[in-house]
2 protein chains.
Amino acid sequence: MSADEHDRLTAVYGPLTDAVRELIDATIRTEADEDTIRQARTAIQTATDALRGRVRDESQVVRYAVDGRPVVWSNAVIGLRNPIAPPLTIQHDSDRTRCWSEFTLNAAYEGPPGLVHGGVCALILDHVLGEAASEGLTKPLFTGTITVRYVRGTPLGRLRAEAAVERTEGFKTFVSGHLSDAEGITAEAEGIFIQPAWARETG
Amino acid sequence: MSADEHDRLTAVYGPLTDAVRELIDATIRTEADEDTIRQARTAIQTATDALRGRVRDESQVVRYAVDGRPVVWSNAVIGLRNPIAPPLTIQHDSDRTRCWSEFTLNAAYEGPPGLVHGGVCALILDHVLGEAASEGLTKPLFTGTITVRYVRGTPLGRLRAEAAVERTEGFKTFVSGHLSDAEGITAEAEGIFIQPAWARETG
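Within each chain, residues carry numbers counting from 1 in the order of the written sequence. In the order they appear in the text, chains get letters beginning with A and ligands get numbers beginning with 1. Local features are withheld for residues below a pLDDT of 70 in this predicted model, meaning they are given only at 70 or higher, and side-chain atom pairs are given and counted only at 80 or more; totals for whole chains, interfaces and linings count all residues. Side-chain calculation: all heavy atoms of the structure are included, whereas hydrogens and water are not.

**Quick word on the side chain of B:T36**
Within the secondary structure, B:T36 sits in helix α2 (residues 34-51). Any pair of nitrogen or oxygen atoms within 3.5 Å is treated as a polar contact; in protein, a donor-acceptor pairing is required on top of that, and neighbouring residues in sequence qualify only through side-chain atoms on both sides. Within the local environment of B:T36, its side chain forms a polar contact with the side chain of B:D33, the two groups lying 2.8 Å apart. For helices the rule is a DSSP run of H or I covering at least 4 residues; for strands it is a run of E covering at least 2, with both sets numbered from the N terminus onward.

The following block contains the structure:
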């Protein structure tokens, strides 16, 4: 995918997906009367029908950007086209063994009142550790094991996640990382990522 | 909350949230032209504005059903009012130390093409283990540690999650569980859940 095509598609799909993210937040927090809710539902169904006028069968289509990195627009954590993704924008250091992201989690990611769902912390840590292990999703790897230790409740709002490769032993890559708010670390994670058998033969 | 009030609110909010879930799927998979996408975005913004005519400040409001179990409608995994929740309906056995859920994950939960995002597996396992540990969210507990071991890729589609309390030692409850498709287990989890200090004094 050329840089121009990437920019064009970002301009088409980015605002659509952001509009759905706003709608998700409004849906959770609305106290509108029943008539208003019915009318909103009709408007939503109209939008859904229009978008379904032409759809692809495959859920995910992975394309590659000019720099060789995959553009995974449907991904549940980083997908530009996936409204359930916050989405995270992952930053990588120059040798791609360390990465981080700063992002905001709103009501859609809640577990206990005011706090991020513990499983959402695990979702984000799993993704960020995987990005570090796979050098920005450029190496084929799958998660073997991930352990998340919860230090304290993670508040909704502005957060940061980061991860770094600790070491590689044969087909296994050991990665650690954490989630933090302005006060410090809220959850820590360790993961073991494994190179699939088919990739060992060629690489 | 009386059973009648619960039914009334379910009838108001359930179809709205389901309509947003359909829209999320359509947003990910659409290949509509730019004009159609612009029109859909306008319809979505109209719905969002209407719903935001009256909203509550708090993200989550926990109320209690007639059976004393919390109704957590904004929850990211089980929330009736949260469009990013699949949502899971959790079944508990009679002594509430074992629970399970059968559910469908569509394109919104994807990681690698055709497969559930590994972090989404962790999200769901964290929730189901927590339900078992807390006897259906009736006991105050927070997650101390959770470990997820990925056996193989979890395909999008129909899935089952289950969890059971293994043992309790002082303030710690040890729980295990797994995620499976029709072919068997795809991911296993173990968790340690901890009773908060304030709850120890009272009970």
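Read on for the rest.
**A closer look at unusual backbone geometry**
A cis amide bond links A:P86 with the next residue in sequence, A:P87, at an omega value of -15°. Turning to its location among the elements, A:P87 is positioned in the loop between β2 (70-71) and β3 (91-92). Even without being glycine, A:L137 reaches a positive phi, approximately 65°. One can find A:L137 in the loop between α3 (118-133) and β5 (142-150). For B:R96, which is not a glycine, the phi torsion comes out positive at approximately 60°. With respect to the helices and strands, the residue B:R96 is situated in the loop between β3 (91-92) and β4 (98-105).

**Overview of the nonpolar core**
Judged by nonpolar contacts, the single largest core of 109 residues is most densely connected at A:I124, A:V148, B:I124 and B:V148. Setting aside anything within four residues of it in sequence, one finds B:V148 in contact with A:G144, A:T145, A:I146, B:A122, B:L125, B:A187, B:E188 and B:A189. What is meant by a nonpolar core is a set of buried Ala, Val, Leu, Ile, Met, Phe, Trp, Tyr and Cys residues, joined one to another through side-chain atoms within 4.5 Å. Each residue's exposure class comes from its accessible area (1.4 Å probe, protein chains only) as a fraction of the maximum for that residue type: buried when under 20%, exposed when over 50%, partly exposed otherwise. Whether two residues touch is decided by their heavy atoms; if any such pair falls within 4.5 Å, the residues are in contact.

**Observations regarding the pattern of salt bridges**
When a carboxyl oxygen of Asp or Glu lies within 4 Å of a side-chain nitrogen of Lys or Arg, that pair is called a salt bridge. Under the counting rule described, the total for this entry stands at 28 salt bridges over all chains. Through salt bridges with shared partners, one network takes in A:E22, A:D25, A:R29 and B:R52.

**Things to note about the relation of the copies chain A and chain B**
What relates the two chain copies is a rotation about an axis together with a slide along it. For the match of chain A to chain B, the screw axis carries a shift of 0.0 Å, the RMSD comes to 0.0 Å, and the turn is 180°. Interpreted geometrically, this transformation is the action of a two-fold axis. Within chain A, A:T147 has its C-alpha nearest the rotation axis, a separation of 2.1 Å. Same-surface contact between copies: 100% of interface residues of chain A are shared with the interface of chain B. Fitting of the copies onto one another was done by least squares over C-alpha atoms, counting residues only where both copies have pLDDT of at least 70.

**Remarks on the sheet that holds β5(A)**
Remark on secondary structure: sheet strands pair via backbone hydrogen bonds, oriented parallel or antiparallel. Strand order across the open sheet formed by twelve strands is β3(A)-β4(A)-β6(A)-β7(A)-β8(A)-β5(A)-β5(B)-β8(B)-β7(B)-β6(B)-β4(B)-β3(B), with antiparallel pairing between neighbours. The sheet terminates laterally at β3 of chain A together with β3 of chain B, the two strands that pair on one side only. For two strands to count as paired, DSSP must find a minimum of two bridges between them. Judged from the eight bridges that link them, strand β5 (residues 142-150) of chain B and strand β8 (residues 184-194) of chain B form a sheet pairing that is antiparallel. Counted as the bridge partner of B:R149 is B:E188 from β8(B). In the packing of α3(A) onto the sheet, contacts are made with β3, β4 (98-105), β5, β6 (157-169), β7 (172-181) and β8 (184-194) of chain A together with β5 of chain B, and the angle to β7(A) comes to roughly 135°. Lines fitted to the C-alpha atoms define the axes, with helices restricted to the stretch that makes contact. Angles between their N-to-C directions range from 0 to 180 degrees. Contacts between helix α3 (residues 118-133) of chain B and the sheet are confined to β5 of chain A together with β3, β4, β5, β6 (157-169), β7 (172-181) and β8 of chain B, with β7(B) contributing the most and set at about 135° to the helix.

**Side note on the UniProt feature "domain: Thioesterase" (unreviewed entry) in chain A**
The sites that carry the UniProt feature "domain: Thioesterase" (unreviewed entry) are, in the present numbering, residues 114-185 of chain A. From the first C-alpha to the last, residues 114-185 of chain A spans 17 Å; its make-up is 22% helix and 47% strand. UniProt positions are given in the numbering used here, feature names are shortened, and annotations may be inferred rather than shown by experiment.

**Thoughts on the packing of α3(A) against α3(B)**
Helix-helix packing is described using two parameters, namely the angle between the two axes and the distance between the axes. The interhelical angle for the contact between α3(A) and α3(B), taken along N-to-C directions, is 160°, at an axis separation of 8 Å. Taken as axis vectors, α3(A) and α3(B) run roughly antiparallel relative to one another. As for the relative orientation of α3(A) and α3(B), their crossing is right-handed in sense. On α3(B), the residues touching A:G118, A:G119, A:V120, A:A122, A:L123 and A:D126 of α3(A) are B:G118, B:G119, B:V120, B:A122, B:L123 and B:D126. Geometric relationships in this document are graded by angle, where less than 35 degrees denotes roughly parallel, more than 145 denotes roughly antiparallel, 65 to 115 denotes roughly perpendicular, and other angles denote oblique. It is the rotation of the near helix from the far one that decides the hand of a crossing: anticlockwise by less than a right angle makes it left-handed, clockwise makes it right-handed.

**Focus on α3(A)**
Residue and element names in this part refer to chain A. With 16 residues, α3 extends 22 Å between its outermost C-alpha atoms, agreeing within 8% with the 22 Å of an ideal straight helix rising 1.5 Å per residue. Where burial is concerned, most of α3 is hidden: 16 out of the 16 residues are buried. Positive phi shows up at E135, right after α3, with a value of about 50°. A helix is expected to reach a length of 1.5 Å times the quantity of its residues less one.

**Some details on empty space enclosed by the protein**
The way it works is a 1 Å grid over only the protein atoms, where trapped points that fit a 1.4 Å probe form a cavity and open points with protein on both sides within 12 Å along at least five of seven lines form a pocket, and then any residue with an atom within 4 Å of a point lines it. Grid points are joined across faces, edges and corners, and a volume is the space filled by probe spheres set on the points. Per the counting criterion, the structure on display carries one cavity of 30 Å³ or more. Of the volumes computed, that of the largest cavity is approximately 90 Å³. Forming the walls of the largest cavity are A:A76, A:I84, A:Y109, A:V120, A:L123, B:A76, B:I84, B:Y109, B:V120 and B:L123. For the lining of the largest cavity, the elements supplying multiple residues, two or more each, are α3 of chain A together with α3 of chain B. Charged means Asp, Glu, Lys or Arg here, nonpolar means Ala, Val, Leu, Ile, Met, Phe, Trp, Tyr, Cys or Pro, and polar covers whatever is left, Gly included. Within the lining of the largest cavity, the residues separate by chemical class into ten nonpolar, no polar and no charged.

**Concerning the packing of aromatic side chains**
Centres within 6.5 Å make a pair out of two Phe, Tyr or Trp rings, where for Trp the six-membered ring is used; the pair is then stacked when the planes are under 30 degrees apart, edge-to-face when over 60, and tilted otherwise. Per the stated rule, a full pass over the model turns up two aromatic pairs over all chains. Between B:Y13 and B:W73 the ring centres are 6.4 Å apart and the planes differ by 65°, which places this aromatic pair in the edge-to-face class. Of this pair, B:Y13 sits in helix α1 (residues 3-29) while B:W73 sits in the loop between β2 (70-71) and β3; the two residues are 60 residues apart in sequence, bridging distant segments of the chain. A relative accessible area of 9% places B:Y13 in the buried class. A positively charged side chain is recorded as over a ring if its NZ (Lys) or CZ (Arg) lies within 6 Å of the ring centre. The angle to the ring normal must also be within 35 degrees. Just above the ring of A:Y13 sits the side chain of A:R81; from NZ or CZ to the centre is 3.6 Å. Over the ring of A:F174 we find A:R167, and its NZ or CZ is 4.0 Å from the ring centre.

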